[in-house]
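# Report on the structure
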Amino acid sequence: MTWWSTDDDEDDEPEFDESAVRVRPSRRGSRPRTKQRPEHADAVTGMVIGVDRGRYSVLLDENGPDERVITAARASELRRKSVVTGDHVDLVGDTTGAPGTLSRIVRVGERTTLLRRSADDTDEVERVIVANADQMLIVVAAANPEPRIRLLDRYLVAAFDAGIRPLLVITKTDLADPAEFLRNFAGLDLTVFLSGEHDMPLDEIARVLVGHRTVFVGHSGVGKSTLVNALVPSAKRATGHVNVVTGRGRHTSSSTVWLRFDAADLPGADAPEAATGTGWVIDTPGVRSFGLGHVDRENILRSFTDLDRLAERCPRGCTHLPDAPDCAIVEAVEAGELGETGAARLESLQRLLTTFAGGAAV
């Protein structure tokens, strides 16, 4: 025993108990950090049909008895994953669609197609237009504004790169004959519709829309919104006019919108030969530029299946352009192996490749 200890020390000083320690909780939450994410086995699947300032309109049970549109936000674990219109997504939370409810998008499904553009050909930033569309309907005016070959080329390149089937509608044919313009695309397997002010081929277009998700693209002022309103009467998309001084159209669509198309809503739908069925019309904002900075040139060639087969005989690194030495495609066309349309198809391919290879977006 010493002078600083006594026999009753253990009675006077209680043993230290760690359970009594008070720890200030983290302001970011008290849950431990982990890389394991919940499986969300109870998630339901829907399709994004609209995006507005961080809120997503998602269609559930498409064409089913409980079809509904709900509002959703992106889950925190998806903050680096883009969600665009057309995406198939998995959702958790309140998916009833009742007013004031909000569900969470926790997964984005694999995309079959992705239509993109860039601001110009050197811009590495992609602007995603739509996911999972399978057709692109390009709207071009025969006049007012004048049709632009290079802009149509760019639409075609983007469609071929995305694996989307392109279609073409020439509007305002009552103002000008589009025959000369269409000769530039004679070599392409491209379905073309001619439309006048009082003669819209609605039934013919309806037949190619049924069962498909078709994205409508076109320069401002070409009559795209007018055509959309004719095909989907409930759409009520704003229409504009072309400035008589600049020859440019005014933007009337500001966002990409998915609209349900039903051939039964068209005039003459009760006729025996009329188109029947439903599909999706995807209206996009009019653009004056369409950059191709993201395009893989090999996808352009693959869209010309007959020419792609010939390209297997080309030397490594062949550009398939007119000045390319020993190009098997050029030699085959000159020898007449591809028949009467071979030269036109080669010209179309070379123009698309040249469009992709250089020049500013138009």
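So, here is what we can say about the structure in this document. It should be emphasised that the depicted structure is a prediction, and the values quoted were computed from it without experimental measurement. (Residues numbered from 1 in each chain as written. Predicted model: local features only at pLDDT ≥ 70, side-chain atom pairs only at ≥ 80, totals over all residues. Heavy atoms only, no water.)

### Quick word on the sheet that holds strand β3 (residues 68-74)
The five strands lie next to each other as β1-β2-β3-β5-β4, forming a closed barrel whose pairing is mixed. The average angle at which neighbouring strand axes cross in this sheet is 55°, direction not considered. Where strand β4 (residues 88-93) meets strand β5 (residues 103-108), five bridges bridge the pair, whose relative direction is antiparallel. Bridging across to β5, Gly-93 finds its partner in Ser-103. (Pairing = 2+ DSSP bridges. Helix = DSSP H or I, 4+ residues; strand = E, 2+ residues; numbered from the N terminus. Axes fitted to C-alpha atoms, helices over the stretch in contact; angles between N-to-C directions.)

### A short note on the environment of Thr-278
Mapped onto the fold, Thr-278 is located in strand β13 (residues 278-283). The exposure class of Thr-278 is partly exposed, given its relative accessible area of 33%. Measuring from C-alpha to C-alpha, the distance between Thr-278 and Val-210 comes to 5.0 Å, with 68 residues separating the pair along the chain. (Buried < 20%, exposed > 50% of the residue type's maximum accessible area, 1.4 Å probe, protein only.)

### A look at the pairing of strand β6 (residues 114-118)
In terms of burial, β6 is a largely internal element, four of the five residues being buried. Pairing of β6 with strand β7 (residues 126-131) involves five bridges; the strand directions are antiparallel. Directly across from Arg-117, in β7, lies its bridge partner Arg-127.

### Quick notes on the sheet that holds strand β12 (residues 257-262)
Two strands in a sheet stick together by hydrogen bonds in their backbones, pointing the same way (parallel) or opposite ways (antiparallel). Strands sit in the order β10-β9-β8-β11-β13-β12 across an open sheet of six strands; the sheet is mixed. In the strand order of this sheet, the two ends are held by β10 (191-194) and β12, each with one partner. Within the sheet, the average angular offset between the axes of one strand and its neighbour, ignoring direction, is 25°. Here strand β8 (residues 135-141) runs beside strand β11 (residues 213-218); their pairing, made up of five bridges, is parallel. Bridge pairing in β11 links Met-136 to Val-215. Contacting β8, β9 (165-171) and β11, helix α2 (residues 149-162) runs over the sheet at an angle of about 180° to β8. Running at roughly 150° to β11, helix α5 (residues 224-231) makes contact with β8, β9, β11, β12 and β13 of the sheet. (Contact = heavy atoms within 4.5 Å.)

### Side note on the environment of Leu-114
In this structure, Leu-114 sits in strand β6. Along the sequence, Leu-114 and Gly-163 sit 49 residues apart, while their C-alpha atoms lie 8.4 Å from each other. Leaving out residues up to four positions away in the same chain, Leu-114 has contacts with Val-128, Val-130, Ala-131 and Ala-162.

### A word on unusual backbone geometry
Only a minority of non-glycine residues have a phi that is not negative, and only a minority of peptide bonds are not trans. Along the chain, Asn-144 connects to Pro-145 via a cis peptide bond; the corresponding omega equals 5°. Locating Pro-145 in the fold gives a position in the loop between β8 and α2. Here Asn-144, not a glycine, exhibits a phi torsion of approximately 55°, which is positive.

### A short note on the pattern of salt bridges
One pass over the full model with this rule turns up 11 salt bridges. With a closest N to O distance of 2.8 Å, Arg-107 and Asp-90 form a salt bridge. Here the residue Arg-107 occupies a position in strand β5, and Asp-90 occupies one in strand β4, the gap between them amounting to 17 residues. Judged by its relative accessible area of 16%, Asp-90 is buried. The salt bridge involving Asp-306 is made with Arg-345; its shortest N-O contact spans 3.0 Å. In this pair, Asp-306 sits in helix α7 (residues 305-311) while Arg-345 sits in helix α9 (residues 342-357), placing the two residues 39 residues apart along the sequence. Just as Asp-306 is buried, Arg-345 falls in that class too. (Salt bridge = Lys/Arg side-chain N within 4 Å of Asp/Glu carboxyl O.)

### A few points about the packing of helix α4 (residues 202-209) against α5
Relative orientation of the contacting elements α4 and α5 amounts to 80°, with a least axis distance of 11 Å. Accordingly, the angle class assigned to the pair α4 and α5 is roughly perpendicular. From α4, Leu-202, Ile-205 and Leu-209 reach across to α5, where they touch Leu-227, Ala-230 and Leu-231. Partitioned by chemical class, the residues of the contact of α4 with α5 number six nonpolar, no polar and no charged. (Parallel < 35°, antiparallel > 145°, perpendicular 65-115°, else oblique. Nonpolar A, V, L, I, M, F, W, Y, C, P; charged D, E, K, R; others polar.)

### Observations regarding the nonpolar core
Core analysis: the biggest nonpolar cluster contains 56 residues, and Leu-115, Met-136, Ile-138, Leu-156, Val-215 and Ile-329 have the highest contact counts within it. The element best represented in this core is α2, accounting for nine residues. The residues touching Met-136, leaving out its near neighbours within four places in the chain, are Leu-115, Tyr-155, Ala-159, Ile-164, Arg-165, Pro-166, Leu-167, Thr-214, Val-215 and Val-217. In this structure, Leu-202, Leu-209, Leu-231 and Leu-259 belong to the second largest nonpolar core, which totals 26 residues. (Core = buried A, V, L, I, M, F, W, Y, C linked by side-chain atoms within 4.5 Å.)

### Looking at α5
Among the eight residues of α5, seven are classified as buried, and the element is accordingly described as predominantly covered. Every buried residue belonging to α5 is among Lys-224, Ser-225, Leu-227, Val-228, Asn-229, Ala-230 and Leu-231, and all of these are buried. Each element contacted by the buried residues of α5 is listed here: β8, β9, α4, β11, β12 and β13.

### Here's the deal with the packing of aromatic side chains
Across all of its chains, the model carries three aromatic pairs by this definition. A ring pair is formed by Trp-258 and Trp-280, whose centres lie 5.8 Å apart and whose planes are at 65°; its orientation type is edge-to-face. Linking Trp-258 in strand β12 with Trp-280 in strand β13, this pair joins segments that are 22 residues apart in sequence. We note that Trp-258, like Trp-280, is buried. Its guanidinium or amino end placed over the ring of Phe-185, Arg-351 lies 4.9 Å from that ring's centre, counting from NZ or CZ. (Phe/Tyr/Trp six-rings, centres within 6.5 Å; stacked < 30°, edge-to-face > 60°. Lys NZ or Arg CZ within 6 Å of the ring centre and 35° of its normal.)

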